[in-house]
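# Residue-level structural notes
Next come the chains, spelled out residue by residue.
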There are 2 protein chains.
Amino acid sequence: MAGNSSSPGTSVTSRVLALLGSFDDDHRGLTLSQLARRAGLSLPTAHRLVSELVAWGALTRRPSGRYVVGRRLWDIGLLAPLQTDLRQVASPFLHDIYAATLATVHLAVRDGTEVLYIDRLAGHASVPVVSQVGSRLPMHATGVGKVLLAYAPDEVREAVLTDLSRVTPYTFTQPGRLLAELRRVRTEGYAQTSEEMSLGACSVAVPVRSPDRAVVAALGIVVPSLKRDRGRLVAALQVASQGITRSLASALPLDESE
Amino acid sequence: MAGNSSSPGTSVTSRVLALLGSFDDDHRGLTLSQLARRAGLSLPTAHRLVSELVAWGALTRRPSGRYVVGRRLWDIGLLAPLQTDLRQVASPFLHDIYAATLATVHLAVRDGTEVLYIDRLAGHASVPVVSQVGSRLPMHATGVGKVLLAYAPDEVREAVLTDLSRVTPYTFTQPGRLLAELRRVRTEGYAQTSEEMSLGACSVAVPVRSPDRAVVAALGIVVPSLKRDRGRLVAALQVASQGITRSLASALPLDESE
DNA sequence: CAGGCTCCTTCCACTCAGTGAAAGACCAGT
DNA sequence: ACTGGTCTTTCACTGAGTGGAAGGAGCCTG
């Protein structure tokens, strides 16, 4: 570029994206200097780019001077197909499950080697749950994660098995044991966890299939303990899962004219 | 730039944003040429920029060759503060309302001179409703819109009053009549519509206040007709609205360290 | 109320990243 | 094989984008 040094190979586009990527769950409000630091940009550059982003509505400047993600970006994000369509179709079924079980309900998809939560439904006060819509968690320590892992391509499964980090004392960290569990998931059609992600929380999850039988998501609930009604919970989940599959048939085209 | 002509004053950033802005509710999957046309870019430029966006995860390329908004953009969008926090806090209350009324429930904020829907809760099959989460509708023809307009700054109200487009035969198109209605909203604390946005749909809405009494959102429901239970519906909404205000008190800090 | 700190903003000369025309590659109809 | 439509790649030119340096605006602390 000019003036002086500048990391060559860094396009303007990538700088803009680096700025957007600087925001995450733990950093939702950032000052200009923080943004510059996190994105690896000089202050003046960050300043100019950020100003353009604010003018367009991608970012918003708070009275405090901190920048946050803006509305325009929020509603463009909502146009992401899988997430939004699945959510929309699944939403009433998540309700049914909540009504039947009063447990926190989750809808999640696989994103690389992690679980991405795309919807969540919780009552006024429920079991403490780690997940947030839009957040990612490890696959091997969550119910929905095990389901998605059980039906994932081999290379994903291998990648995950090489890094079974311990989250609680009950987390499955031995590849063999997890593999056996995944086999069980495939034959029995549901996964469960017992305090493997957070203490005091157990979960059950089932796959959600598209009309062509491919597993596209997982549906799960979190409860304080699995007592003796695991069967009932699994049944509720499976009914909802099949309902979603049926609804998807009449809702997934997505290919437009002009 | 170079080569030849190029609209000067058009920064790379604005080109990237123009590409992102090319997506909307009716254009969620676009081909490269459509993107280039809509963003006002040459094909090669669009091609290069889009490739960068895809590489980063802001866009995704479908098997069909069409581009759609990607996951990365989706989850960055979720970091937008007002929307996400309000939603999260309000969600259980939307449920309560749904449980009590079985009507489609909406949570909306004002965005400029339009209503922006930030959450929506509907049963398996309800009254046909136009709104979508993330979509914008005119303020003067919706229940939540009237509420937000009633409490909006004067300049916004004036801007809206100059352009009262007719949506159905029942839409309020006379500024005087709407102004009177807004006064009524402020004194009585709720707004209503009768087939003003879409035929066969009526609505009731109330303001949602932050702990400091400012109106930050509106809560509304859509029903086939207002019959005689308007009072009951308004009461349900008001209870929920006050609940949200109370919950907001313990949830709105948003200012971080590093 | 100076002095030092951090944060934000503006200026400007230099130059390399980004540009679009043109041409090539690929389809699917006819 | 031709035609109209996509998408992709190349390339010489140049002005848009760059970061140092310097100027402000706060806000503590001594």
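These figures come from a predicted structure and were not determined experimentally.

### What about the packing of aromatic side chains?
Applying the stated criterion across every chain, the model contains zero aromatic pairs over all chains. Residue placement shows Arg72 of chain A over the ring face of Trp56 of chain A; its charged tip is 4.1 Å from the ring centre.

### Observations regarding the interface of chain A and chain B
The extent of an interface is frequently quoted as the accessible surface area lost upon association of the parts. Residue-level contacts link 68 residues of chain A with 68 residues of chain B. Where chain A abuts chain B, roughly 5,900 Å² becomes buried across the two surfaces, and 55% of that area is made up of carbon and sulfur atoms. When the buried area of chain A at its contact with chain B is split by residue, Arg28, Arg71 and Trp74 of chain A rank highest and sum to 14% of it. Taken together, the links from chain A to chain B amount to six salt bridges. Summed over the shared surface of chain A and chain B, the number is 15 residue pairs in polar contact (both at pLDDT 80 or more). Going through the elements one at a time, helix 1 (12-21), helix 2 (32-39), helix 3 (43-56), strand 2 (67-69), helix 4 (71-77), helix 5 (81-101), strand 3 (104-111) and strand 4 (114-121) of chain A are the ones with two or more residues in the side of chain A that touches chain B. When residues of the side of chain A that touches chain B are assigned to their parent elements, the largest contribution, eleven residues, is made by helix 5 of chain A.

### What to know about the relation of the copies chain A and chain B
Copy one and copy two of the chain differ by a rotation about an axis and a translation along that axis. Mapping chain A onto chain B leaves a residual RMSD of 0.1 Å; the transformation is a rotation of 180 degrees accompanied by 0.0 Å of translation along its axis. As the rotation angle and translation indicate, the two copies are arranged about a two-fold axis. Considering only C-alpha atoms, the residue of chain A closest to the rotation axis is Gly77 of chain A, which sits at 2.6 Å. Mapped onto chain B, 100% of the interface residues of chain A are again interface residues, and the two copies thus contact each other with one and the same surface.

### Regarding the environment of Gly200 of chain B
Relative to the helices and strands, Gly200 of chain B is located in the loop between strand 6 (191-194) and strand 7 (202-209). Along the sequence, Gly200 of chain B and Ser225 of chain B sit 25 residues apart, while their C-alpha atoms lie 7.3 Å from each other.

### Observations regarding the sheet that holds strand 4 of chain A
All names here are of chain A. Spatially, six strands are ordered 5-4-3-8-7-6 in an open sheet, and the strand pairing comes out antiparallel. Only two strands of the sheet have a single neighbouring strand rather than two, namely strand 5 (136-138) and strand 6 (191-194). Ignoring strand direction, the axes of neighbouring strands in this sheet form an average angle of 30 degrees. The pairing of strand 7 (residues 202-209) with strand 8 (residues 215-223) spans eight bridges and is classified as antiparallel. Counterpart to Val208 in the pairing with strand 8 is Ala217. Together, strand 6, strand 7 and strand 8 form the strand contacts of helix 9 (residues 230-249), whose direction differs from that of strand 7 by roughly 25 degrees.

### Brief notes about helix 7 (residues 154-161) of chain B
Residue and element names in this part refer to chain B. All of the buried residues in helix 7 are Val156, Arg157, Val160 and Leu161. Buried residues of helix 7, seen end-on, are gathered within an arc of 130 degrees and therefore sit on one face of the element. For helix 7, exposure combined with an orientation more than 90 degrees from the buried face picks out Glu155 and Glu158. Looking at the buried side of helix 7, the elements it contacts are strand 3 (104-111), helix 6 (143-150) and helix 8 (175-188).

### Observations regarding the packing of helix 1 of chain A against helix 3 of chain A
Residues and elements named next belong to chain A. Where helix 1 contacts helix 3, the axes come no closer than 11 Å and their chain directions differ by 75 degrees. Here helix 1 is positioned roughly perpendicular relative to helix 3, judged by the angle of their axes. Between helix 1, through Val12, Arg15, Val16, Leu19 and Leu20, and helix 3, the contact on the second element is made entirely by Thr45, Leu49, Val50 and Leu53.

### Observations regarding the sheet that holds strand 5 (residues 136-138) of chain B
Residue and element names in this part refer to chain B. Reading across from one edge, 5-4-3-8-7-6 is the order of the six strands in this open sheet, with antiparallel pairing throughout. The open sheet has two free edges, formed respectively by strand 5 and strand 6, since each of these has just one partner strand. This sheet shows a mean twist of 30 degrees between the axes of neighbouring strands, independent of strand direction. Direction of pairing for strand 6 relative to strand 7: antiparallel, over a ladder of four bridges. The residue of strand 7 that forms the bridge with Gln192 is Val204. Of the strands in this sheet, strand 3, strand 4 (114-121), strand 6, strand 7 and strand 8 (215-223) touch helix 6, which is tilted by about 155 degrees from strand 8.

### Brief notes about the confidence of the model for chain A
Residues and elements named next belong to chain A. Here chain A shows a mean pLDDT of 88. Residues at 70 or above account for 91%. When pLDDT is averaged over each element of chain A, helix 6 (residues 143-150) comes out on top at 97 and helix 5 at the bottom at 87. Ignoring residues within four places in sequence, the model shows residues 1-6, a span with pLDDT below 50, making three contacts including any to other chains.

### Describing the pairing of strand 3 of chain B
Side chains on a regular strand alternate between the two faces of the sheet. Residues and elements named next belong to chain B. The element strand 3 is extensively covered by neighbouring structure, given that six of its eight residues are classed as buried. Here strand 3 runs beside strand 8; their pairing, made up of five bridges, is antiparallel. Residue pairing in the sheet places Thr104 in a bridge with Val222 of strand 8. Note: strand 3 against strand 4, seven bridges, orientation antiparallel. Bridge pairing links His106 to Arg120 in strand 4. Where strand 3 hands over to strand 4, the hairpin turn is made up of two residues, of which Gly112 adopts a positive phi near 65 degrees.

### Concerning the packing of helix 6 of chain A against helix 8 (residues 175-188) of chain A
All names here are of chain A. The geometry of helix 6 relative to helix 8 is characterised by a closest axis approach of 9 Å and an angle of 80 degrees between their N-to-C directions. The orientation of helix 6 with respect to helix 8, classified from their angle, is roughly perpendicular. When helix 6 is examined against helix 8, the residues Lys146, Val147, Leu149 and Ala150 are found in contact with a partner set consisting of Leu178, Glu181, Leu182, Val185 and Arg186. Residues belonging to the contact of helix 6 with helix 8 are distributed by class as follows: six nonpolar, no polar and three charged.

### Looking at the domain arrangement of chain A
Here the domain parsing of chain A yields domain 1 (12-76) and domain 2 (81-249). Centre-to-centre, using C-alpha coordinates, domain 1 of chain A lies 33 Å away from domain 2 of chain A.

### Observations regarding helix 8 of chain A
All names here are of chain A. Under the 1.5 Å per step criterion, the end-to-end length of helix 8 is 20 Å for 14 residues, consistent within 8% with the ideal 20 Å. Turning to helix 8, its buried residues number three or more, namely Leu178, Glu181, Leu182, Arg184 and Val185. Seen end-on, helix 8 carries its buried residues on one side only, within an arc spanning 160 degrees. In this fold, the buried residues of helix 8 make contact with helix 6, helix 7 (154-161) and strand 6.

### Describing the environment of Glu158 of chain A
Residue and element names in this part refer to chain A. Counting through the fold element by element, Glu158 comes out in helix 7. By relative accessible area, which is 52% here, Glu158 ends up exposed. When the C-alpha positions of Glu158 and Pro175 are compared, they lie 9.3 Å apart, and in sequence the two are 17 residues distant.

Reading the values: the criteria
Residues numbered from 1 in each chain as written. Chains lettered and ligands numbered in written order. Predicted model: local features only at pLDDT ≥ 70, side-chain atom pairs only at ≥ 80, totals over all residues. Heavy atoms only, no water. Phe/Tyr/Trp six-rings, centres within 6.5 Å; stacked < 30°, edge-to-face > 60°. Lys NZ or Arg CZ within 6 Å of the ring centre and 35° of its normal. Contact = heavy atoms within 4.5 Å. Buried area = accessible area lost by both parts, 1.4 Å probe. Salt bridge = Lys/Arg side-chain N within 4 Å of Asp/Glu carboxyl O. Polar contact = N/O pair within 3.5 Å; in protein donor to acceptor, adjacent residues only side chain to side chain. Helix = DSSP H or I, 4+ residues; strand = E, 2+ residues; numbered from the N terminus. Least-squares fit on C-alpha atoms with pLDDT ≥ 70 in both. Pairing = 2+ DSSP bridges. Axes fitted to C-alpha atoms, helices over the stretch in contact; angles between N-to-C directions. Buried < 20%, exposed > 50% of the residue type's maximum accessible area, 1.4 Å probe, protein only. Arc of directions from axis to C-beta. Parallel < 35°, antiparallel > 145°, perpendicular 65-115°, else oblique. pLDDT = per-residue confidence, 0-100. Nonpolar A, V, L, I, M, F, W, Y, C, P; charged D, E, K, R; others polar. Domains from an automatic or database assignment. Expected span 1.5 Å × (residues − 1).

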